[in-house]
Amino acid sequence: MTDTFFSQLEGTAVCELLSRTGLQDAALIVVGASLRIENCNAAAAGMTGLHPLDPIAPVLSEYALQALRICIAAGEPRTVYEELDGATYRLELIPHREGALLAFLRCDRAAYDGSLRVLHAKSAQYLGALLADAGQIEDPALAGRIRRGCLRLHRLLNHSDFLHDPPQTEQLRLQYCDLAVLCRTAAEAVAGADRPPVEVRAPHPCSALVEPGLIRTALYNLLTNALRVTTKEEGVTVILRDDGIFYTITVADRGPGLDPRLFDWLLEGWHRTMPLKEYLSLVRHGAPLGLGLPLTQCIAQLHGGRLLLSPREGGGSELHLSIAHLPDTLADHNLYAPMIMEDGWTVEEIELSILD
């Protein structure tokens with residue numbers, strides 16, 4: 001019944017409905033099998049600067065372009081997330097005749113609903129009080145466990161807040177720093193007698209224009225994930241490369257390996273509406289949704305790059321944090337407070353609490 005409902009409506013009623021919903025501002029594009037635009041609305045023409053007969057490829061990332069090809073070839077809808085002019089869109093790809101309908105829907109991830117905002121604010125308040133009380137406990141082991149538990153929750157709140165309200169690239173506090181030093185410092189911070197060793201292969205120096213605090217946080221997320229699935233005998237490898245267009249930091253582990261078919265879910269599942277049963281099903285199938293990888297992906301995108309996954313020869317996974325060579329004009333020489341709120345605790349304390 002639902003599938004045929006709209007096909008039975010009069011065209012004027014459908015147009016009136018669309019004019020009264022959020023779709024009135026959506027950028028809509030129809031492409032043919034050749035991936036050239038057949039038609040588009042005014043919002044799409046204004047956003048992309050393209051017109052009928054123009055190729056769609058110039059406005060899409062390679063990831064979205066591949067998803068569009070799959071949508072057309074398989075005749076199945078696809079959903080991807082694209083960034084255009086600093087804004088994030090949910091891009092719905094829908095089969096249409098021999099081509100596809102593209103709908104760019106603006107994502108407002110900063111919009112916590114009221115109950116979630118209350119939970120977030122109150123949780124941060126109560127965690128601060130618990131951390132203060134932990135310092136009064138005489139049993140050092142018990143105090144340490146309570147402190148670690150509080151820092152882990154604090155970490156989740158930080159990550160969630162950042163994902164829901166990330167800055168624009170032009171709002172970053174970009175500074176020149178040596179990525180090789182950043183990699184080695186991160187490896188030293190996670191080192192421990194009871195943890196797998198971390199080997200760093202990085203050219204020195206490797207100066208890059210980045211937000212150092214964010215790159216460090218992304219590195220810690222990749223390293224902690226890798227360390228938790230790697231044995232002490234195997235170890236983790238960090239490799240830094242510079243091809244003149246992108247810097248790529250690869251974190252390679254010898255764990256069971258991430259399933260490439262579930263990687264999109266790991267990156268995008270955090271903002272999808274999901275019943276508990278569906279979430280538990282994903283966990284059982286080896287894709288427990290967390291915030292570390294989505295946060296790392298967001299940080300990469302803010303630096304003009306992406307987070308990529310490839311299987312490691314001999315077993316395990318390689319996660320590639322790719323960041324672009326940004327123009328010198330974006331450099332900020334002023335001093336600012338850290339991007340992610342630390343509230344008196346260092347990034348190392350917060351991010352590495354997950355390993356203790």
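Because the structure is a prediction, the values reported are computed rather than measured.

Q: Just to check I follow, could you spell out unusual backbone geometry for this structure?
A: Note: most residues except glycine have negative phi, and most peptide bonds are trans. Not every positive phi belongs to a glycine, and Leu35 is a case in point at roughly 65 degrees. Within the fold, Leu35 resides in the loop between strand S1 (27-31) and strand S2 (37-40). Its relative accessible area of 14% is what places Leu35 among the buried residues. A positive phi is found at Leu53, a non-glycine position, where the angle reads about 85 degrees. With respect to the secondary-structure elements, Leu53 resides in the loop between helix H3 (42-48) and helix H4 (62-74).

Q: In this structure, what is going on with the nonpolar core? I would like to understand it.
A: Proteins that are soluble and globular tend to have nonpolar side chains buried together. Of all hydrophobic cores here, the largest spans 55 residues; its most connected members are Leu179, Ile215, Ile249, Phe263 and Leu293. The element that contributes the greatest number of residues to this core is helix H8 (residues 212-228), accounting for 9 residues. Beyond its immediate sequence surroundings of up to four residues, Leu293 is in contact with Leu222, Asn225, Leu258, Phe263, Leu266, Leu267, Leu307 and Leu319. Ala27, Ile29, Ala44 and Tyr89 belong to the second-largest nonpolar core, a separate cluster that totals 26 residues.

Q: Could you clarify how one ought to interpret helix H11 (residues 292-302) in this entry?
A: Residues separated by three or four positions in an α-helix point in the same direction, a consequence of the helix having 3.6 residues per turn. Within H11, 10 of the 11 residues are buried, leaving the element largely enclosed by the surrounding structure. Regarding H11, the residues found buried are Gly292, Leu293, Pro294, Leu295, Thr296, Gln297, Cys298, Ile299, Ala300 and Leu302. Those residues of H11 hidden inside the fold are in contact with helix H6 (140-164), H8, helix H9 (263-268), strand S11 (306-311) and strand S12 (317-324).

Q: So what exactly am I meant to see when it comes to the packing of aromatic side chains here?
A: Any two aromatic rings considered together are summarised by their centre-to-centre distance and by the angle between their planes. Overall, the coordinates contain 1 aromatic pair when judged by the stated rule. On the basis of an interplanar angle of 85 degrees and a centroid distance of 6.2 Å, the ring pair of Tyr89 and Phe104 is categorised as edge-to-face. A residue pair is termed long-range when its members are at least 10 positions apart, and Tyr89 in strand S4 (residues 87-96) and Phe104 in strand S5 (residues 99-106) qualify at 15 residues. Residue classification places Tyr89 among the buried positions, given a relative accessible area of 12%. Looking at Phe104, the relative accessible area reads 1%, which means it is buried.

Q: I would appreciate a short explanation of the pattern of salt bridges in the present structure.
A: Pairs may arise between side chains of opposite charge once their charged atoms sit close together. In this structure the tally under the stated criterion is 5 salt bridges. For the salt bridge of Arg201 with Glu199, the shortest nitrogen-to-oxygen distance reads 3.1 Å. A relative accessible area of 43% places Arg201 in the partly exposed class. Look at Glu199 and you get partly exposed, because its relative accessible area is 38%.

Q: When you look at the side chain of Gln297 in this model, what are you seeing that I'm missing?
A: Within the element layout of this structure, Gln297 appears in helix H11. Not counting the four nearest positions on each side in its chain, Gln297 is found in contact with Leu267, Arg306 and Leu307.

Q: Sorry if this is basic, but what is going on with the pairing of S2 here?
A: On any regular strand, side chains alternate: one points to one face of the sheet, the next to the other face. Bridge analysis of S1 against S2 gives 3 bridges, and the strand direction is antiparallel. Paired with Val31 across the two strands is Ile37, which belongs to S2. Between the end of S1 and the start of S2, which pair antiparallel, lie 5 residues, with Leu35 showing a positive phi angle near 65 degrees.

What counts, and at which threshold
- Residues numbered from 1 in each chain as written.
- Predicted model: local features only at pLDDT ≥ 70, side-chain atom pairs only at ≥ 80, totals over all residues.
- Heavy atoms only, no water.
- Helix = DSSP H or I, 4+ residues; strand = E, 2+ residues; numbered from the N terminus.
- Buried < 20%, exposed > 50% of the residue type's maximum accessible area, 1.4 Å probe, protein only.
- Core = buried A, V, L, I, M, F, W, Y, C linked by side-chain atoms within 4.5 Å.
- Contact = heavy atoms within 4.5 Å.
- Phe/Tyr/Trp six-rings, centres within 6.5 Å; stacked < 30°, edge-to-face > 60°.
- Salt bridge = Lys/Arg side-chain N within 4 Å of Asp/Glu carboxyl O.
- Pairing = 2+ DSSP bridges.

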